Amino acid sequence: MTDKPNSEKIILGIDPGTNLMGYGVLRVTGNKAVMETMGVIDLRKYAGPYLKLGRIFERMTGIIESYLPDEMAIEAPFFGKNVQSMLKLGRAQGVAIAAAIHRDIPITEYAPLKIKMAITGNGQASKEQVAGMLTRMLHIREEDMLPYMDATDGLAAAYCHFLQMGKPAVAQPYHSWKDFIRKNPDKVKGQI
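Residues numbered from 1 in each chain as written. Predicted model: local features only at pLDDT ≥ 70, side-chain atom pairs only at ≥ 80, totals over all residues. Heavy atoms only, no water.

### A few points about the overall build of the chain
The helix and strand tally for the chain stands at six helices and five strands. Along its sequence from the N terminus, the chain presents helices and strands in the succession β-β-β-α-β-α-β-α-α-α-α. When burial is assessed residue by residue, the chain has 42% of its 192 residues classed as buried. A sequence separation of at least 24 residues applies to 61% of the contacts in the chain between residues at least 6 apart. (Helix = DSSP H or I, 4+ residues; strand = E, 2+ residues; numbered from the N terminus. Buried < 20%, exposed > 50% of the residue type's maximum accessible area, 1.4 Å probe, protein only. Contact = heavy atoms within 4.5 Å.)

Now the structure itself:
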């Protein structure tokens, strides 16, 4: 894509929405992340659901072409009781994912609880608490903050992904030697 140093990576974070879709872009160099941009795709002026989906694809493609992300992190839809809302949100998320797939960008999906936990240490944190932590961690100036929390939620997805990059997957702990042997029969040789 570009002539980026080997240790540099661009992460695009997305907070899917049908009225406002938040996004944030991080530039990661080594073990340091810096915010490149954050914003919202405002879909409120589009009347039809298909017009909104078309606009999401168009804007996502433009963001991808502008920042050339190496990876995309997207917030998974929150499963609520309103089936119609879930369907609309799932379609918006799917279109954002399709734009990334169209450009061969690997995608990782994170549950809202996991993102909040990664940023604040509290899976039940408010949007304001998440935004506050991001401003401190990424040294975002007050004048660079947007009035919409959807933008910081998109940035939070990217920052959560950044934090996960340095953490190897940890297997489930073993409760005893018997448990270890049961879960790893190929690693046990001979009789004890």
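### Digging into helix H3 (residues 112–120)
Every buried residue belonging to H3 is among Pro112, Ile115 and Ile119, and all of these are buried. The buried side chains of H3 occupy one side of the element, clustering within an arc of 65° when seen end-on. In this structure, the buried residues of H3 make contact with strand S4 (71–75), strand S5 (107–110), helix H4 (127–137) and helix H5 (149–165). Gly121 sits one or two residues past H3 and shows a positive phi near 85°. (Arc of directions from axis to C-beta.)

### A few points about the environment of Arg91
Mapped onto the fold, Arg91 is located in helix H2 (residues 83–102). Beyond its immediate sequence surroundings of up to four residues, Arg91 is in contact with Tyr50 and Leu53.

### Thoughts on the sheet that holds S4
Strand order in the open sheet formed by five strands is S3-S2-S1-S4-S5, and the pairing between neighbours is mixed. What marks the edges here is a single partner per strand, and that holds for strand S3 (32–42) and S5. Recorded for the sheet is a direction-independent mean angle of 20° between the axes of neighbouring strands. One ladder, built from four bridges, connects strand S1 (residues 8–15) with S4; its direction is parallel. Bridge pairing in S4 places Gly13 opposite Ala73. Set on the sheet, H5 makes contact with S1, strand S2 (20–29), S3, S4 and S5; between it and S2 the angle comes to about 35°. (Pairing = 2+ DSSP bridges. Axes fitted to C-alpha atoms, helices over the stretch in contact; angles between N-to-C directions.)

### Regarding the nonpolar core
Judged by nonpolar contacts, the single largest core of 27 residues is most densely connected at Leu26, Leu134, Leu138, Leu155 and Tyr159. A total of eight residues in this core trace back to one element, the largest contributor, which is H5. Residues Met21, Met72, Ala96 and Ala99 belong to the second largest nonpolar core, which totals 21 residues. (Core = buried A, V, L, I, M, F, W, Y, C linked by side-chain atoms within 4.5 Å.)

### Description of the pattern of salt bridges
Between side chains of opposite charge, a pair can form as their charged atoms come close. Evaluation of the coordinates by the stated rule reveals nine salt bridges. Notably, a salt bridge pairs Glu8 with Arg27, separated by 2.6 Å at the nearest N-O pair. Of this pair, Glu8 sits in strand S1 while Arg27 sits in strand S2, and the two are 19 residues apart along the sequence. On the accessibility criterion, Arg27 (26% relative accessible area) is partly exposed. Two residues, Asp144 and Arg141, come together in a salt bridge whose shortest N-O distance is 3.1 Å. You can call Arg141 partly exposed: its relative accessible area is 48%. (Salt bridge = Lys/Arg side-chain N within 4 Å of Asp/Glu carboxyl O.)

### Brief notes about H2
An ideal rise of 1.5 Å per residue puts 28 Å on 20 residues; H2 measures up with 28 Å between its terminal C-alpha atoms. The N-capping residue of H2, defined by a side-chain oxygen 3.0 Å from the backbone nitrogen of Gln84, is Asn82. In the stretch just after H2, Asp104 is the one whose phi turns positive, near 60°. (Expected span 1.5 Å × (residues − 1). Polar contact = N/O pair within 3.5 Å; in protein donor to acceptor, adjacent residues only side chain to side chain.)

### So, the side chain of Lys52
Position of Lys52 among the secondary structure elements: in helix H1 (residues 49–67). Buried within the structure, Lys52 lacks any salt-bridge partner; Asp42 is the closest side chain of opposite charge, at an N-O distance of 8.1 Å. Not counting chain neighbours up to four residues away, the residues in contact with Lys52 comprise Thr18, Asn19, Leu43 and Tyr46. (Lys, Arg positive; Asp, Glu negative; His and termini not counted.)

### Focus: the packing of aromatic side chains
Inspection of every chain in the model, using the stated rule, returns one aromatic pair. Ring geometry for Tyr159 against Phe162: centres 5.3 Å apart, planes inclined by 50°, an arrangement best described as tilted. Highlighted residues: Tyr159 and Phe162, both in helix H5, separated by three residues, approximately one helical turn. Comparing Tyr159 with Phe162, the two get one shared label, buried. (Phe/Tyr/Trp six-rings, centres within 6.5 Å; stacked < 30°, edge-to-face > 60°.)

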